[in-house]
Structure formats: C-alpha cells, structure tokens
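Single-letter residue listing:
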Amino acid sequence: MSDALRNTLGLVQQVIITIITLFWLYQVVISIASLFKMKEKPLLYKKKHKFMLIIPAHNEMAVVGNLVHSLRNLDYDNDKYDIYVIADNCTDDTAKVAKEAGALVYERFHETKKTKGYALNWFFKKMEEEGKVYDALVIFDADNVVDKNFLNVMNKKLCQGERLVQGYRDIKNPTDTWVSGGYALFYWMMNKLYHLARYNIGLSPLVNGTAFMVEWSVLMPHGWNTSTLTEDIEFSLTNIAKGVKLGWAEDAIVYDEQPLTFKQSWTQRERWTVGHLQILQKYSKDLFTSAIKRKTVMNLDAFLYILGIPQLILTLLLVVVNTVFYLVGEMPLEVLLQNYLMYIVTTFLLPMLSALFVLVIEKKPIRPMTKAILMFPIFMGSWILINIKAIFKPNTKWEKIVHSQNITIDDVDSKKKI
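Predicted model, so just to flag it, every value in this text is computed and none were measured. (Residues numbered from 1 in each chain as written. Predicted model: local features only at pLDDT ≥ 70, side-chain atom pairs only at ≥ 80, totals over all residues. Heavy atoms only, no water.)

A.B. asks: Describe a nonpolar patch on the surface, and please don't skip the residues or the numbers.
C.D. replies: A cluster of nonpolar side chains, Val-12, Leu-317, Val-320, Val-324, Tyr-326, Leu-327, Val-328, Leu-333 and Leu-337, forms an exposed patch at the surface whose accessible area comes to about 720 Å². Listing elements by their share of the nonpolar patch, those giving two or more residues are helix 11 (308-327) and helix 12 (333-361). At five residues, the largest contribution of residues to the nonpolar patch is made by helix 11. Within the element layout of this structure, Val-320 appears in helix 11. (Patch = residues over 30% accessible without salt bridge, like charges linked within 9 Å, V, L, I, M, F, W, Y side chains within 5 Å. Areas by Shrake-Rupley, 256 points an atom, 1.4 Å probe, with all protein chains shown as cover. Salt bridge = Lys/Arg side-chain N within 4 Å of Asp/Glu carboxyl O. Helix = DSSP H or I, 4+ residues; strand = E, 2+ residues; numbered from the N terminus.)

The structure is reproduced here in structure tokens:
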C-alpha cells in the first residue's frame, strides 16, 4: 500500500471514529436524564377541554370495537369528547363494528392513496368543510386499547400549556412471542431513554405512531400534510423545525398489539426504515437549516435523530476500512478482532443490557420477558439487514400488519394485577 493511500485511509478511519464516538456519546449523555423524575409543569389555567378522538382503520373489524369500547369508558365527561373512525378502503365490516360500538364513522375509498397519512388528510378536510371545531384531537391505531385516565392526563397537559403531546405506548401482548417481546423492550426503552430523557431536559420527544394529542390550532386549518411512510416522525420533525416543542405524558397510557412473527416484523420495520430514508432525503436540509437558524439544542437533536441510518453506513464503512488495513498488513489480526468484538458488543449485547436495565428501573417483571431479552440481539441486529435492504431495494408499497387478537382493556388491567 502506498503512503498516500495509507494516509488517506487512516484519515478516513479517524474521522469516522470521531463522528461515531461523538454521536453515541451524545445519545448516552441525554439518556442519563431519564433517571430523574419527570418534570411537573404548573397549571396555567383550569378547563375541561373538548377532544376529538380519531381512529384511522383499514380492515380492522377484529379489534376496532375493543378500542371504541375502551374510549367510551374513559374517566372523562362523555359530552367532552367524540370518537371518529375513518374506515379507510375497508373490504370488511370495520365500519359496521365501529358504528355498533358507538363511533362516528367516515368511510373513504381511493384506488391508490391508501396510507394513514392520506386518510388523515382527507378526514381533516371533511372536518373543515363541516365546520367541526374542538380544543384538541388525539389519534389512535385501531388495535389499541386505552387506560381510563388517558384524557384526564392530556387535559392537564393542555392546561399546562403543552400543544403537542405523545402518550405512553405500552404493549398488549409482550409475552406472546419473542418478536412481540422484542417490540415491548424496544418501546419501553424508547419511552424511558428517549422520550422521558428529552422531556426532562427541555428537548423534544417525538410522536410515536399512536396516542398523541394535538391542540386544534396546531393542526387546523392546514390539516395533516404528510407524504412519507412514517407520517408520525414526519409530523414530529416538521413541527420541531417550526419551533414547536413536543410534550410527553407518562401517565396517558395506550396499549398496542405487536406482530407475533418475524416475517410480519420484518415487513413493518422495513416500512419504517423506508419512511426514515424518505424523511432523510426530504427534510435533512430543512432540519439542518432550522438547527442553524434557531440555535437551539432541540432543533439540533431533531436533526441528529434522522442520522441513524447514515451512522450505520459509517459504522459498516469503518469495519471495511479496518479489514482492508488487516488484509494489506497494516493492522495485526488481534487488533482487527478487537474491533470486530467491539462492534458486536455495542450492536448486539449493549441493547440487551439496556433493555434489562429499563426493565429493572421501571419495575417490570423480568421472568416472563426472558426469551425476549435473550433474543433481543437478533431483534435489533436484524434491523441492520433491514436497513441495508431498504437502502438498495426500498419497498415503498404499504403492506398491512394484520391485528386479530381479541384483547380488551379489562384483559390488560387484569394481567397487571397478577
């Protein structure tokens, strides 16, 4: 190897190491804030707000009734919220089941625009045409069931001046399979180490797919304008770029049904990854510009969030560079193996230890989650293959994850008492 090539590769190696180290050191430092008790903001006023509860649903007749029933039994004045179901391109009895359960149902059909983002955009245009006005709205997924205190918590957040708030996403079926358990560990970690940590130090959590509350004036009259496969993250980042700080409601709990099989999980996580790549391509410039213009850590933090996949690419590039150094005799075998071992530990074992740490500090039962904990390195490690596949052969077609388990809020509450 020539001196020029050796020096170039050495410089590339050091630059990558520096970038990766700083990126993950930042994440670790932020996560430490999760160990503190959540900040309680003072009430700015007292009011019982009126909420619009929205359920986009595509062929969800098996589960949507349970969600509507749990919402109808919230510990909140019945005249202070309405439940709407968007039966989006349904070919089953979703609309019928939702109506019988007590929801207001809007049916939508479109041959090509079939994602949740399109359904929400269509629905809000309908609401504007009909002159509907509420203080705030909450969006749920059809497979959810909701804790009875949910709206009381969100109402309090509004009275504290919060305008866009993510609720606590828990799991209906964490012990069914190692896959559903992997999701549970992942979301519990996100709740604690990402959302709570950032909320505690004045940064912004993110909207996480379901159970998020939006003040009416934040969304209307512009409506829901997203175009990527991860409309929740897109909505979060576009609002942060405008200077809107998201809130976090630890006691506003929703329970979500997670996939049982690895094939379903791959399909869902590939969609998320493609959505992240779409956001990276579409919003990187806006987020970077916002971070420079506003000069806030919140905006910088949002920009760093979308750099997860570029960080993976840099990490894999570092592995390649180290391997090349070994192959040309510039790196001893033991040093190369140490680098491989460090990569394996940080990629596969550290997430498992982090998940176990969260279980302990959150006082969640460990024994039922043993299989999920042991398989968590595979769950998280498979995301590397998903990311690589999505980079080179992205699947932009939305594929439905079937929800079929008849789990009610009473079932969830009874399990918590065991």
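A.B. asks: An account of the packing of aromatic side chains is requested, with residue identities and associated values reported.
C.D. replies: For the structure shown, the criterion picks out 25 aromatic pairs. The interplanar angle of 70° and the centroid separation of 5.7 Å between the aromatic rings of Phe-51 and Tyr-76 together place this pair among those described as edge-to-face. Note that Phe-51 is positioned in strand 1 (residues 51-57) and Tyr-76 in the loop between helix 2 (64-72) and strand 2 (81-88), a separation of 25 residues in sequence. With centroids separated by 5.3 Å and ring planes inclined at 55°, the aromatic side chains of Phe-288 and Phe-303 adopt a geometry described as tilted. With Phe-288 in helix 9 (residues 262-294) and Phe-303 in helix 10 (residues 297-305), this pair connects stretches of sequence that are 15 residues apart. For Phe-288, a relative accessible area of 44% corresponds to the partly exposed category. With a relative accessible area of 15%, Phe-303 lands in the buried category. By the ring-pair criterion, three or more aromatic residues cluster together here, those being Tyr-183, Phe-186, Tyr-187, Trp-272, Phe-376, Phe-379 and Trp-383. The ring of Tyr-194 carries Arg-198 above its face, with NZ or CZ at 3.7 Å from the centroid. One residue, Arg-269, lies across the ring of Trp-383, its end atom 4.9 Å from the ring centre. (Phe/Tyr/Trp six-rings, centres within 6.5 Å; stacked < 30°, edge-to-face > 60°. Buried < 20%, exposed > 50% of the residue type's maximum accessible area, 1.4 Å probe, protein only. Lys NZ or Arg CZ within 6 Å of the ring centre and 35° of its normal.)

A.B. asks: Which residues make up the sheet that holds strand 1, and what values do they have?
C.D. replies: Sheet strands pair by backbone hydrogen bonding; their relative direction is either parallel or antiparallel. Reading across from one edge, 3-2-1-4-7-6-8-5 is the order of the eight strands in this open sheet, with mixed pairing throughout. Edge positions in the open sheet fall to strand 3 (104-108) and strand 5 (145-146), since each of these has one partner strand only. Bridge analysis of strand 6 (residues 164-171) against strand 8 (residues 247-256) gives seven bridges, and the strand direction is parallel. For Tyr-168, the partnering residue across the bridge sits in strand 8 and is Ile-253. (Pairing = 2+ DSSP bridges.)

A.B. asks: Account for the pairing of strand 1, naming residues and giving values.
C.D. replies: Buried residues dominate strand 1, accounting for seven of its seven residues. Of the two faces of strand 1, the one holding Phe-51, Leu-53, Ile-55 and Ala-57 and the one holding Met-52, Ile-54 and Pro-56 are both buried throughout. As paired elements, strand 1 and strand 2 share seven bridges and run parallel to each other. Bridge pairing in strand 2 links Ala-57 to Ala-87. For the handedness criterion, the β-α-β arrangement of strand 1, helix 2 and strand 2 is classed as right-handed. One ladder, built from four bridges, connects strand 1 with strand 4 (residues 136-139); its direction is parallel. Note on strand 4: the bridge partner recorded for Phe-51 is Ala-136. (Right-handed = clockwise from strand over helix to strand, strands pointing away.)

A.B. asks: Just give me the short version of the environment of Leu-314, but keep the residues and values in it.
C.D. replies: Within the secondary structure, Leu-314 is located in helix 11. Once residues lying within four places of it in the same chain are set aside, the contact partners of Leu-314 are Ile-16, Ile-19 and Ile-20. (Contact = heavy atoms within 4.5 Å.)

A.B. asks: Hey, could you go over helix 2 for me, with residue numbers and the actual values?
C.D. replies: Because each turn of an α-helix spans 3.6 residues, side chains separated by three or four positions in sequence point in the same direction. Burial within helix 2 is extensive, with seven of its nine residues counted as buried. Those residues of helix 2 that fall on the buried side of the exposure criterion are Val-64, Gly-65, Asn-66, Leu-67, Val-68, Ser-70 and Leu-71.

A.B. asks: Help me get a handle on the confidence of the model for the chain, residues and values and all.
C.D. replies: The predicted coordinates of low-pLDDT regions are not to be read in fine detail. Of all residues in the chain, 99% attain a pLDDT of 70 or more, and the chain-wide mean is 92. Mean pLDDT values over the elements of the chain span from 78, in helix 14 (residues 409-416), up to 98, in helix 5 (residues 150-159). (pLDDT = per-residue confidence, 0-100.)

A.B. asks: Talk me through the nonpolar core; I want residue IDs and the actual numbers.
C.D. replies: If you look at the biggest cluster of nonpolar residues, it comprises 81 residues, and the most contacted ones within it are Met-52, Ile-54, Phe-123, Phe-124, Leu-137, Leu-185 and Trp-188. The dominant element in this core, judged by the number of residues it contributes, is helix 6 (residues 178-200), at 15 residues. Trp-188 has contacts with Tyr-168, Asp-170, Ile-171, Pro-174, Val-358, Leu-359, Lys-364 and Met-369, leaving out every residue within four places of it along the chain. Judged by nonpolar contacts, the second largest core, of 36 residues, contains Val-64, Ala-101, Leu-158 and Met-213. (Core = buried A, V, L, I, M, F, W, Y, C linked by side-chain atoms within 4.5 Å.)

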